[in-house]
Amino acid sequence: KQEVTQIPAALSVPEGENLVLNCSFTDSAIYNLQWFRQDPGKGLTSLLLIQSSQREQTSGRLNASLDKSSGRSTLYIAASQPGDSATYLCAVEVTGGFKTIFGAGTRLFVKA
Amino acid sequence: NAGVTQTPKFQVLKTGQSMTLQCAQDMNHNSMYWYRQDPGMGLRLIYYSASEGTTDKGEVPNGYNVSRLNKREFSLRLESAAPSQTSVYFCASSGRQGTDTQYFGPGTRLTVL
């Protein structure tokens, strides 16, 4: 059974710092891995989607990598800003049914 | 372009009552999903619909039913609500499973007393 784990559960950094959020998954049989952002009381917003054949995706200050063989993904945020404060979730879409399994998220707080 | 809309935003039920959560998307997406989110946990898939006319169980389908009314609409029904179904419910859609990102609605906060 696919399990997705995110470490750390919470992170507090000063503004301007570069940071890395980690995601691991137990089964490499995936179509893709997605990173989402969730603000308090809101829905999820997609940040990056990496197909299983890809190694990384970039969008602005965000860079996500995927190592399917080791079951790991990282989300790198450059030059963090207070507006980046949110919960970040990773999710894998598994083969053999197209189900999406989410991690519990990392709550990020960027201090001004 | 409203994206994914959900109604209602908030709902309080008594144990044993029934209700239907509505979801609609205007992006001409084939696939639609229902998730629940509980404190300290990620989202868990309840049901999904790969295309109009098909539905499949997710991780936690017990106590729920779904209807893919047409390509735009996907509803979730609680026939006899239980306190364990207190949660935030999210609907999502995507163009094609396995390839496209999922777009989420704003959620329905449900409390069952």
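Scroll up for the structure.
Residues numbered from 1 in each chain as written. Chains lettered and ligands numbered in written order. Predicted model: local features only at pLDDT ≥ 70, side-chain atom pairs only at ≥ 80, totals over all residues. Heavy atoms only, no water.

Participant: Honestly, the overall build of chain A in this entry has me stumped. Any pointers?
Facilitator: Of regular secondary structure, chain A possesses 0 helices and 11 strands. What you see for chain A is a C-alpha radius of gyration of 13 Å, in line with the 13 Å of a compact globule of 112 residues. With the C-alpha coordinates aligned to their principal axes, the bounding extent of chain A is approximately 45 × 30 × 20 Å. Partitioning the contacts of chain A with sequence separation of at least 6, the portion at a separation of at least 24 is 54%. A total accessible area of about 5200 Å² is found for chain A, and carbon and sulfur atoms account for 49% of it. (Helix = DSSP H or I, 4+ residues; strand = E, 2+ residues; numbered from the N terminus. Rg over C-alpha atoms; globule rule 2.2 N^0.38 Å. Contact = heavy atoms within 4.5 Å. Areas by Shrake-Rupley, 256 points an atom, 1.4 Å probe, with all protein chains shown as cover.)

Participant: What should I look at first to understand the nonpolar core in this one?
Facilitator: In a soluble, globular protein the nonpolar side chains are often hidden away together inside. The biggest cluster of nonpolar side chains holds 24 residues, and the ones touching the most others in it are W35(A), L75(A) and V92(A). Where this core is concerned, the elements lending two or more residues are β3 (19-25), β4 (30-38), β5 (44-51), β7 (62-67), β8 (72-77), β9 (86-94) and β11 (106-111) of chain A. Per element, the largest residue contribution to this core is 5 residues, and it comes from β9(A). Residues V4(B), L21(B), Y89(B) and L110(B) belong to the second largest nonpolar core, which totals 19 residues. (Core = buried A, V, L, I, M, F, W, Y, C linked by side-chain atoms within 4.5 Å. Buried < 20%, exposed > 50% of the residue type's maximum accessible area, 1.4 Å probe, protein only.)

Participant: Honestly, the pattern of salt bridges in this entry has me stumped. Any pointers?
Facilitator: Side chains that differ in sign of charge can pair as their charged atoms come close. Residues and elements named next belong to chain A. A complete count under the given rule lists 5 salt bridges over all chains for this structure. The salt bridge partner of R37 is D39, with a shortest N-O separation of 3.0 Å. For D39, a relative accessible area of 28% puts it in the partly exposed group. Of the charged contacts in the structure, one is a salt bridge between R61 and D84, with a shortest N-O distance of 2.8 Å. (Salt bridge = Lys/Arg side-chain N within 4 Å of Asp/Glu carboxyl O.)

Participant: Would you mind going over the packing of aromatic side chains with me for this structure?
Facilitator: Here a ring pair, both rings aromatic, is described through the centre-centre distance and the interplanar angle of the planes. In total, this model carries 9 aromatic pairs over all chains according to the counting rule given. Relative to Y48(B), the ring of Y33(B) has its centre 6.5 Å away and its plane inclined at 25 degrees; by these criteria the two rings are stacked. Of this pair, Y33(B) sits in strand β4 (residues 31-37) while Y48(B) is found in strand β5 (residues 43-49), placing the two residues 15 residues apart along the sequence. A network of ring pairs unites the aromatic residues F36(A), F102(A), Y33(B), Y35(B), Y48(B), F90(B) and F104(B) as a single cluster. (Phe/Tyr/Trp six-rings, centres within 6.5 Å; stacked < 30°, edge-to-face > 60°.)

Participant: Would you mind going over the interface of chain A and chain B with me for this structure?
Facilitator: When the parts of a complex come together, some accessible area is lost, and that lost area is often used as the size of the interface. Counting residues at the interface gives 22 residues for chain A and 23 residues for chain B. Across the interface of chain A and chain B, roughly 1600 Å² is buried in total on both sides, 51% from carbon and sulfur atoms. Scanning the region where chain A abuts chain B turns up 0 salt bridges. The interface formed by chain A and chain B holds 5 residue pairs in polar contact (both at pLDDT 80 or more) in total. (Buried area = accessible area lost by both parts, 1.4 Å probe. Polar contact = N/O pair within 3.5 Å; in protein donor to acceptor, adjacent residues only side chain to side chain.)

Participant: Teacher, can you tell me more about the state of the cysteines here?
Facilitator: Simply put, disulfide is the name for a covalent bond between the sulfur atoms of two cysteines. Residues and elements named next belong to chain A. Inspection of the entire model under this criterion finds 2 disulfides over all chains. One disulfide in the model links C23 with C90; its S-S distance is 1.9 Å. Taking the torsion about the sulfur-sulfur bond, which here is approximately 70 degrees, the covalent link between C23 and C90 counts as right-handed. On the criterion of sequence distance, the pair formed by C23 in strand β3 and C90 in strand β9 is long-range, its members being 67 residues apart. (Disulfide = S-S within 2.5 Å.)

Participant: So what exactly am I meant to see when it comes to the pairing of strand β9 (residues 87-94) of chain B here?
Facilitator: Remember that side chains alternate between the two faces of the sheet whenever the strand is regular. Residue and element names in this part refer to chain B. Taking burial as the measure, the 8 residues of β9 include 8 buried ones, the bulk of the element. The two faces of β9 match: S87, Y89, C91 and S93 on one face and V88, F90, A92 and S94 on the other face are all buried. Relative to β9, β4 runs antiparallel, the two being bridged by 7 bridges. Bridging from a neighbouring strand, M32 pairs with S93 of β9. Two strands pair when backbone bridges link them, and β9 and strand β11 (residues 108-112) are joined in this way by 3 bridges, in the antiparallel orientation. Across the sheet, residue V88 finds its bridge partner in β11, namely R109. Two elements, β9 and strand β10 (residues 103-104), share 2 bridges in a ladder whose sense is antiparallel. Opposite A92, over in β10, you have F104 as the bridge partner. (Pairing = 2+ DSSP bridges.)

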